[in-house]
Amino acid sequence: MLLFLSVHSCTKTTPKVDVDICPDNEIVYVFPLKEKVHIEDLDCDFKIQGDIDDWLDKKFLRFSRHLTQERKDQIGMMIHNELKWVGIIDDHPDLPLLNGILDQMEFLIDTKEEYQLYILESEVVNAVTHIGRRIYLTKGLIDTLAMDAIVSCIGHELGHHLNGNCEEKARIFDMLDRNRIPIGSNPGVPKIIQSVLKETALKLYHDVNQVLSKSDEIEADLIGLYLCSALGYDPEIALEAVAEHKYWEHPQDRNVFQNIFNEFNSTHPDWRDRYECAKAYIASAKIDISCDCSKGSIQGLVLKEEKVYQYPSHFAPNVGVLHKHQPMEVICTFANPNFQNTEYDEWCYIQYESGTGWVAEKYIRILE
Ligand SMILES: [Zn+2]
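Residues numbered from 1 in each chain as written. Predicted model: local features only at pLDDT ≥ 70, side-chain atom pairs only at ≥ 80, totals over all residues. Heavy atoms only, no water.

Visitor: Summarise the side chain of Arg134; cite the residues concerned and give the values.
Guide: By the secondary structure assignment, Arg134 is in strand 4 (residues 134-138). With no salt bridge to any partner, buried Arg134 finds its closest opposite charge in Asp73, at an N-O distance of 6.8 Å. If near-sequence neighbours (up to four positions away) are discounted, Arg134 is found in contact with Gly76, Met77, His80, Gln116, Tyr118, Val128, Thr129 and His161. (Helix = DSSP H or I, 4+ residues; strand = E, 2+ residues; numbered from the N terminus. Buried < 20%, exposed > 50% of the residue type's maximum accessible area, 1.4 Å probe, protein only. Lys, Arg positive; Asp, Glu negative; His and termini not counted. Salt bridge = Lys/Arg side-chain N within 4 Å of Asp/Glu carboxyl O. Contact = heavy atoms within 4.5 Å.)

Visitor: Outline the environment of Ser229, listing residues and values.
Guide: With respect to the helices and strands, Ser229 occurs in helix 10 (residues 214-230). For the pair Ser229 and Ser152, spaced 77 residues apart in sequence, the C-alpha separation works out to 8.3 Å. Filtering out sequence-adjacent residues up to four positions away, Ser229 remains in contact with Tyr29, Phe31 and Pro235.

Visitor: Would you mind going over the state of the cysteines in detail, with residue names and values included?
Guide: For the coordinates displayed, the defined rule picks out two disulfides. Note that Cys22 is cross-linked by a disulfide to Cys293, the S-S spacing being 1.9 Å. Sign of the S-S torsion, about 90° for the bond between Cys22 and Cys293, identifies this disulfide as right-handed. Here Cys293 lies in the loop between strand 5 (286-288) and strand 6 (298-302) and Cys22 lies in the loop between helix 1 (3-8) and strand 1 (27-29), a separation of 271 residues in the sequence. Exposure class is identical for Cys22 and Cys293. Each is buried. (Disulfide = S-S within 2.5 Å.)

Visitor: Residue-level account of the coordination of the zinc ion, with values.
Guide: Here the zinc ion is held by the protein donor atoms His156 (NE2), His160 (NE2) and Glu217 (OE), which lie 2.1 to 2.2 Å from it. Along the chain, the residues that donate to the zinc ion are spaced as H-x3-H-x56-E. One end of the pair, His160, is in helix 6 (residues 147-162); the other, Glu217, is in helix 10, with 57 residues separating them in the sequence. Using a relative accessible area of 5% as the deciding quantity, one classes Glu217 as buried. (Donors = N, O, S within 2.8 Å, 3.2 Å for Na, K, Ca; no water.)

Written out as structure tokens, the structure is:
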């Protein structure tokens, strides 16, 4: 597919490419999935978790009802009020910066919803969110993790909202909440059961999480990594920093039976599986652009109406459109190894009347 370039390199009349036009040789991440991720779309082998979750979701959602905005806000406030018991740090020096990052994410995903970030007075490294458009990071998380990882954690929590997880959980919460008080207050019910039924909203929410979040976590991880990268932070540094912390939590020397038991029992899939999945996903999105402009530009025509992309990937942002037979200049070409042996493996960086950008080589005819 690079044949035309080798022929072209022998041509003496080739116009030199202006250095300003030549694309930067840089590393970029172009994620195929953005603010919505479904486990079925992933290459990672999590089909069983996905199937179990789908089955549970269907069962639970059948018994739950659609929530009004008023009820959602009410549930959000119940949980928020209980999280206040943990302690919310209103004057943490990083709070404006972190809320600013959350605002940038809102801008990026073009949502009308406004989210608020809070910092909890806890040394445990953790983050949580719920239906009330509130995201909580612990002080321990902020003190422990690198900024790239903190940003990916904010993105992960926001991802739970974008993927609809918070809405689903609120419906289950609502169903349990509507039933717990009357039964719990009935003097005929044994004391031990009353105490369970009278548990706090926070505990109730935690219980809901226990049954409904295996695949949600992997999906939110990938949304978090996309948002982290889109804001200019490094998703690889983020993943490694979170992984390093998680490895402390889950020592490697557990025996195989403990691993199986823990996996079966835990809300979240084993961290190592999540890590491997996220690592492979980042690798599939990473493009080390290197485009050699020294050979000079060549004239070409577009074969059909086609989009121009910011980076050499059809998952990259769209920066323009080329019309059929529109003339343009090919500045340089790049083989994207992520699409090896597919129709999108070769890309041309072009200049046309409206600007510059990348087009798949298959849509261009070179004029000799
Ligand atoms: Zn999560």
